[in-house]
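Close look at the chain arrangement
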Amino acid sequence: MTQRVLTTESGATVADNQNSATAGVGGPILLQDQHLLEKLARFNRERIPERVVHARGSGAYGYFEVTDDVTAFTRADFLSAVGKRTETFIRFSTVADSLGGADAVRDPRGFALKFYTDEGNYDLVGNNTPVFFIKDPIKFPDFIHSQKRDPFTGRQEPDSVWDFWAHAPEATHQVTWLMGDRGIPASYRHMNGYGSHTYQWTNAEGEAFFVKYHFKTNQGVRSLSSEQAAELAGKDGNSHQTDLLQAIERGVYPSWTLYVQVMPAAEAADYRFNPFDLTKVWPHSDYPLQRVGRLVLDRNPDNVFAEVEQAAFSPNNFVPGIGPSPDKMLQGRLFAYADAHRYRLGVNHTQLPVNAPRTAVVDNYGRDGLHATRNGARHDKNYEPNSYAGPAQTGAALSAPLAIHGWTGTHEAPAHTKDDDFFQAGELYRLMSEDEKGRLVANIAGGLSQVTRDDVIEKNLAHFHAADADYGKRVEEAVRALRED
């Protein structure tokens, strides 16, 4: 094997990589040692700002294969034929903790999927739960601040966590998910993924449908108890990363089956729940799951920083046949996600290999900025319209228009017949077995009993009572018992 030659960033060969240049033997280091200065300066700049949320993550490449005909609902090309495959990249993550946190913790998991389609990249940014804590993006920074480390104590504080939830009754449904048995997945392979938001599909005839995505793990759902998770996190903070990496390296490729719920657009206005409320689900009895295809992960990234940390997912990356809905949380994320990547990675982050389209041609008038690698040829113009055969608009919308009416202003979401903050949380509780209910109550009480203010505890107890009388009674008794110890 031919020995490779070490060079500087500019390509000059390096004579000595073991000793700095000095003024004589044992003398001070010389400022002229370009190789030393370059190494130290680059080392100081190796890290980029971590994500504010979803900082700790793992990723893998794979493919999505269509198994069922869904052309009646969408004209998206990557879903146009049974058997069609599209390359994908997925990033799993925890939400609240920092990059140095442990994998085995009670926290929602991010499930962000990039499809490298022939019509451009399509990003589906979801979680391992079908609902979320809030339904309006204006509350998102406050919610995340309540879950992050306290400015004074430097740790996550039960007072802050539960005080926010006390003032956000719509969180009761997601809290029931989080504190239940599925709150700590055993691995990324053994959890479901959900688009969570409501999206719009449009078919070739222009008919619009609202959809929800469900990725059901083919490995089976497996979760950890609080005690198992604490032990695992202490032994191996990288447990989920290690599991995913080793499974794929062994050739045990994890897979998920994608199903969608499909609602004709005309039915949305009169549905019993607000179909665009992220704290609500659509019961399967109303809109059954319809199979679409399967996702398979079969290749690990070669470099975690380049391909996992620099992976940028934006829910506004749509393709023809797929678009947004009036879901307010989705609407907020259409801006927030892309803006986060412009801050962390720069305005040209879409040109990084993990984010760049594979087969679709990128041709626009975006120029310059940090790390620009695609600035056009000598005679290309950077404005539109022009007389030089530059790229022009198609006139074909990606999705169907959304009807709007009324006055501008700050409005609460419209109420549907079954809309309240507690009904679906109670339904979820009543679906649980007796053992599952016991663990749920213990998990909630373990955190809520640490809150120092009685009024905050009472507000939270009222939410559980409103969801289900037995639910509230058992949580209240468990909290009282722990506080009396």
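Presented here is an overview of the structure given in this document. Note that the structure is a prediction, hence the values are computed from the model and not measured. (Residues numbered from 1 in each chain as written. Predicted model: local features only at pLDDT ≥ 70, side-chain atom pairs only at ≥ 80, totals over all residues. Heavy atoms only, no water.)

**Focus on the environment of L31**
Under the convention used in this document: The helix and strand labels rest on DSSP assignments: H or I over at least four residues marks a helix, E over at least two residues marks a strand, and numbering proceeds from the N terminus. Three exposure classes are used, based on accessible area relative to the maximum for each residue type with a 1.4 Å probe and protein chains only: buried under 20%, partly exposed in between, and exposed over 50%.
Among the structural elements, L31 can be located in the segment before α1 (34–44). Under the relative-accessibility criterion, L31 is labelled exposed at 73%. Each C-alpha atom, one on L31 and one on G321, is 59 Å from the other, the two residues being 290 residues apart in sequence.

**Considerations on the nonpolar core**
Test applied: Definition used in this section: a nonpolar core is a set of buried Ala, Val, Leu, Ile, Met, Phe, Trp, Tyr and Cys residues joined via side-chain atoms within 4.5 Å.
The biggest cluster of nonpolar side chains holds 40 residues, and the ones touching the most others in it are F133, W162, W165, L448 and V475. Counting residues in each nonpolar core, the second largest holds 37 residues, with V66, L113, L124 and V260 among its members.

**Description of the environment of L482**
Rules: Note on contacts: a residue pair is in contact if any heavy atoms of the two residues lie within 4.5 Å.
Structurally, L482 can be placed in helix α12 (residues 469–484). For the pair L482 and A445, spaced 37 residues apart in sequence, the C-alpha separation works out to 7.6 Å. Excluding residues within four positions of it along the chain, L482 makes contact with A445, G446 and S449.

**Examining the packing of aromatic side chains**
Note the threshold: Here a pair means two rings of Phe, Tyr or Trp (six-membered ring of Trp) with centres within 6.5 Å. Their orientation is stacked below 30 degrees between planes, edge-to-face above 60, and tilted elsewhere. For a lysine, the NZ atom is tested; for an arginine, the CZ atom; a charge sits over a ring if that atom is within 6 Å of the ring centre and within 35 degrees of the ring normal.
Scanning the entire structure with this criterion turns up 30 aromatic pairs. Ring geometry for F92 against W256: centres 5.8 Å apart, planes inclined by 35 degrees, an arrangement best described as tilted. Taken together, the residues F92 in strand β2 (residues 85–94) and W256 in strand β8 (residues 255–264) connect sequence positions 164 residues apart. Note on accessibility: F92 and W256 belong to one class, buried. Taking 5.5 Å as the distance between ring centres and 50 degrees as the angle between the ring planes, the aromatic pair formed by F143 and F164 counts as tilted. Here F164 lies in helix α3 (residues 158–166) and F143 lies in helix α2 (residues 140–147), a separation of 21 residues in the sequence. On the basis of relative accessibility, which here comes to 13%, the residue F164 falls in the buried class. Taken together, F64, F78, F115, Y122, Y199, W201, Y213 and F318 form an aromatic cluster joined through their ring pairs. It is R85 that lies over the ring of Y63; its NZ or CZ is 3.9 Å from the centre. One cation-aromatic arrangement involves K114 over F313; the distance from NZ or CZ to the ring centre is 5.0 Å.

**Things to note about the pairing of β8**
In summary, the side chains of a regular strand alternate between the two faces of the sheet. The following threshold applies: For two strands to be treated as a pair, DSSP must find at least two bridges joining them.
Of all 10 residues in β8, eight are buried, a share of seventy percent or more. Pairing of strand β7 (residues 208–217) with β8, which is carried by nine bridges, proceeds in the antiparallel orientation. Across the sheet, residue T217 finds its bridge partner in β8, namely W256. With six bridges connecting them, β8 and strand β9 (residues 290–299) associate as antiparallel partners. Its bridge partner being in β9, L258 is matched across the sheet by G293.

**Description of helix α11 (residues 454–467)**
This is how the line gets drawn: Expected span of a helix, by definition, is 1.5 Å for each gap between consecutive residues, and there is one gap fewer than residues. Here the arc refers to the set of directions running from the helix axis out to each C-beta atom.
With 14 residues, α11 extends 20 Å between its outermost C-alpha atoms, agreeing within 8% with the 20 Å of an ideal straight helix rising 1.5 Å per residue. V456, I457, N460, L461, H463, F464 and A467 are the residues of α11 that are buried. Buried positions in α11, seen along its axis, are confined to an arc of 150 degrees and lie on one side of it. On its buried face, α11 sits against α3, α4 (172–179), α9 (423–431), α10 (434–448) and α12.

**Overview of the pattern of salt bridges**
Convention followed: What counts as a salt bridge is simple: a side-chain nitrogen of Lys or Arg found within 4 Å of a carboxyl oxygen of Asp or Glu.
Inspection of every chain in the model, using the stated rule, returns 31 salt bridges. Where E231 meets K235, a salt bridge forms, and the shortest distance between an N and an O atom there is 3.0 Å. Here K235 and E231 lie together in helix α5 (residues 226–235), a separation of four residues that amounts to about one turn. We classify K235 as exposed; its relative accessible area is 66%. In this structure, E477 engages K473 in a salt bridge whose closest nitrogen and oxygen atoms are separated by 3.0 Å. Placement of the pair is E477 and K473 together in helix α12, with a separation of four residues, close to one helical turn. Bridged by salt links that share partners, the residues K135, D277, K280 and D421 form one connected network.

**Observations regarding the side chain of K212**
Stated formally: Only four residue types enter the tally: Lys and Arg on the positive side, Asp and Glu on the negative side; His and the chain ends are excluded. In protein, a polar contact requires one atom able to donate a hydrogen and another able to accept it; more generally it is a pair of N or O atoms within 3.5 Å, and residues adjacent in sequence count only if both atoms are side-chain atoms.
Within the element layout of this structure, K212 appears in strand β7. Buried within the structure, K212 lacks any salt-bridge partner; its nearest side chain of opposite charge belongs to D327, at an N-O separation of 5.7 Å. Only 2.9 Å separates the side chain of K212 from the backbone oxygen of S196, close enough to count as a polar contact. Excluding its chain neighbours within four sequence positions, the residues that come into contact with K212 are S196, H197, T198, Y259, V260, Q261, P275, K280 and W282.

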